[in-house]
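Per-entry structural report
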Amino acid sequence: MASGTSDIAIIGGGVVGLSTALGLLRSGRQVTVFDGADMDLRASQGNFGLVWLQGKGADFAPYAEWTRDAVAAWPDFAGGLKDLTGTDVALDQSGGFEFFTDSEEFSDFAAALGRQQAVLGNRFSHEIVSGDDLRRSHPGIGPDVVGASFCPLDGHVNPLRLLQVLRCAVLGAGGRLVTDAHVVDVQASGGGFDLTLRDATRVTAERIVLCAGLGTSALAGKLGFRTRVRPQRGELLITEKLAERLPFLSSTIRQVDEGGVQIGGTKADAGPDDSETLEVMAGLARHAVQVFPALADVRVVRAWGALRVMSPDGYPVYARSRLHPDAHLVTCHSGVTLAPLHATALADWINGSVDAPNLEAFDENRFALSDAA
Amino acid sequence: MKIASRFLTPPEPAATIQLTLDGEPVTARAGDTVAAALLAHSGDASRLTARGAPRTAFCMMGVCFDCLVEVDGRPNCQGCMVQVRDGMVLRRQRGPRKLMGGAQDA
Ligand code: FES
């Protein structure tokens, strides 16, 4: 039950909270994860499952490095999860494309990848491919595609299975997972923290890690954090299952290991509204058919909207509260890609170990106090 | 308005429709759905899932998708939502549909 004291309380039971919990458990900590209510906004249940490097941190070197480390750590992480739980998250890192139908967007993105290449040197590689070369190597790509970038390090997992496997792994590692436990209040008291759940249950913890996704803003101020997050809506389609494998993975079109094709990648500021819209869904379908015309005849079986978790500048935040040093805040948009580091190096950082990574670049002091207004 | 006029005229009870299932002739009652016709024809599986498990119509009301069948070359049609027509060509699906249409061969 949701009572008693834990060594560390993690507020948020999505991919970020569970990965962080797993790392802390492995470091010998006692951890309780408080997962919100069913109807809470849950990025971990609506996302695309990319393990993605290209384009990340082209203009912010620490993020490019951190993402590169995460992508490199994924095979071991997936193997470890399989050993712990017996379930395969379907990691496939055989490279990914970004397809373009607009020449200007294509050259802008190629330039960004050039900057990312300069930052990462031989720890990164990418190709810029013209539409015609692409159609030679990948017959079936549509005539409207003017070009593509390809990064051999990109990949994807089955995101829902990842969430399930992380939950099993946390439980298997001795963690406690309290469900339907939306934390409505948190107060520092006597060297620890008092948490109040929506059903008025109160629990205490010596340390706190706030990993509450879009629920972060409501609690951050109470712990002295200035970080606020905002929702960014993406809409997604999934098609009927196909017998064949698609001959590519892209950031907007991916085939799930079970056969369906997931199409997504839209961005909209719609506040906390996670509904889907006919216009955007039609646009997604049109994009998929432009890239790969054979999809025209394939039917969509489900569509949904989901909300990304965006910090003010879009980069991760790893912060220790100035008022309450035993409170940490962890938030990012790419919880799937970064999961292997959240489950290892981030725990070292939270524990204050000597070999912890230097995460200074991700501190919240880069945001103005007025952002928290 | 008479209440009866709001409904479709029921077909002649004895009227029949000829169609084929995997090339074999099947006789169905006019007005039946494809799923009903296949159940009446035999209780056999009308498709195999992606993992090879046998399935046939279950809910008969468009919800469960267990009744998927290829109708006139179009894969993944819900048999319980389509009425039989003379000359209809049905094929059982074995696993997921192919990208370029059609069911997977056995
Ligand atoms: S029998 Fe359930 S959808 Fe057709």
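Everything quoted here is computed from the prediction, not taken from an experiment.

1. Remarks on the sheet that holds strand E14 (residues 261-263) of chain A
All names here are of chain A. If you trace the four strands from one edge of the open sheet to the other, you get E13-E14-E12-E15, paired in antiparallel fashion. Each edge of the open sheet carries a strand with a single partner, namely strand E13 (253-255) and strand E15 (300-310). The mean angle between the axes of side-by-side strands here comes to 25 degrees, regardless of whether they run parallel or antiparallel. Bridge analysis of strand E12 (residues 230-239) against E14 gives two bridges, and the strand direction is antiparallel. Considered in E14, the bridge of isoleucine 238 is made with glutamine 262. Here helix H7 (residues 278-291) sits on the sheet in contact with E12, E13, E14 and E15, set at roughly 55 degrees to E12.

2. Quick notes on the interface of chain B and chain A
Between chain B and chain A, the contact holds 12 residues from the first and 11 residues from the second. Between chain B and chain A lies a buried interface of about 1,000 Å² when both sides are counted; carbon and sulfur atoms form 51% of it. Looking at the side of chain B facing chain A, the largest losses of area belong to B:Arg74, B:Arg97 and B:Leu99, adding up to 58% of the total buried there. The closest approach of N and O atoms between B:Arg97 and A:Glu240, which form a salt bridge, is 2.5 Å.

3. Points about the UniProt feature "domain: FAD dependent oxidoreductase" (unreviewed entry) in chain A
Following the UniProt record, one finds the feature "domain: FAD dependent oxidoreductase" (unreviewed entry) at residues 7-349 of chain A. Within the segment residues 7-349 of chain A, helix and strand shares are 30% and 26% respectively, and the terminal C-alpha atoms sit 16 Å apart.

4. Looking at helix H3 (residues 103-120) of chain A
Residues and elements named next belong to chain A. With 18 residues, H3 should cover 26 Å at 1.5 Å per step; its first-to-last C-alpha distance of 26 Å lies within 8% of that length. Residues of H3 that are buried: Phe106, Phe109, Ala112, Leu113, Gln116 and Leu120. The arc that holds the buried residues of H3, viewed along the axis, is 125 degrees, so those residues lie on one side. Exposed residues pointing more than 90 degrees away from the buried face of H3 are listed as Glu104, Asp108 and Ala118. Tucked inside the fold, the buried residues of H3 contact helix H2 (61-85), strand E4 (96-100), strand E5 (127-130) and strand E6 (147-151). The backbone nitrogen of glutamate 104 has a side-chain oxygen 2.9 Å away, supplied by the residue at the start of H3, namely aspartate 102. Following H3 by one or two positions, glycine 121 adopts a phi angle in the positive range, close to 55 degrees.

Thresholds, definitions, all that
- Residues numbered from 1 in each chain as written.
- Chains lettered and ligands numbered in written order.
- Predicted model: local features only at pLDDT ≥ 70, side-chain atom pairs only at ≥ 80, totals over all residues.
- Heavy atoms only, no water.
- Pairing = 2+ DSSP bridges.
- Helix = DSSP H or I, 4+ residues; strand = E, 2+ residues; numbered from the N terminus.
- Axes fitted to C-alpha atoms, helices over the stretch in contact; angles between N-to-C directions.
- Contact = heavy atoms within 4.5 Å.
- Buried area = accessible area lost by both parts, 1.4 Å probe.
- Salt bridge = Lys/Arg side-chain N within 4 Å of Asp/Glu carboxyl O.
- UniProt positions renumbered as here; feature names shortened; annotations may be inferred.
- Expected span 1.5 Å × (residues − 1).
- Buried < 20%, exposed > 50% of the residue type's maximum accessible area, 1.4 Å probe, protein only.
- Arc of directions from axis to C-beta.
- Polar contact = N/O pair within 3.5 Å; in protein donor to acceptor, adjacent residues only side chain to side chain.

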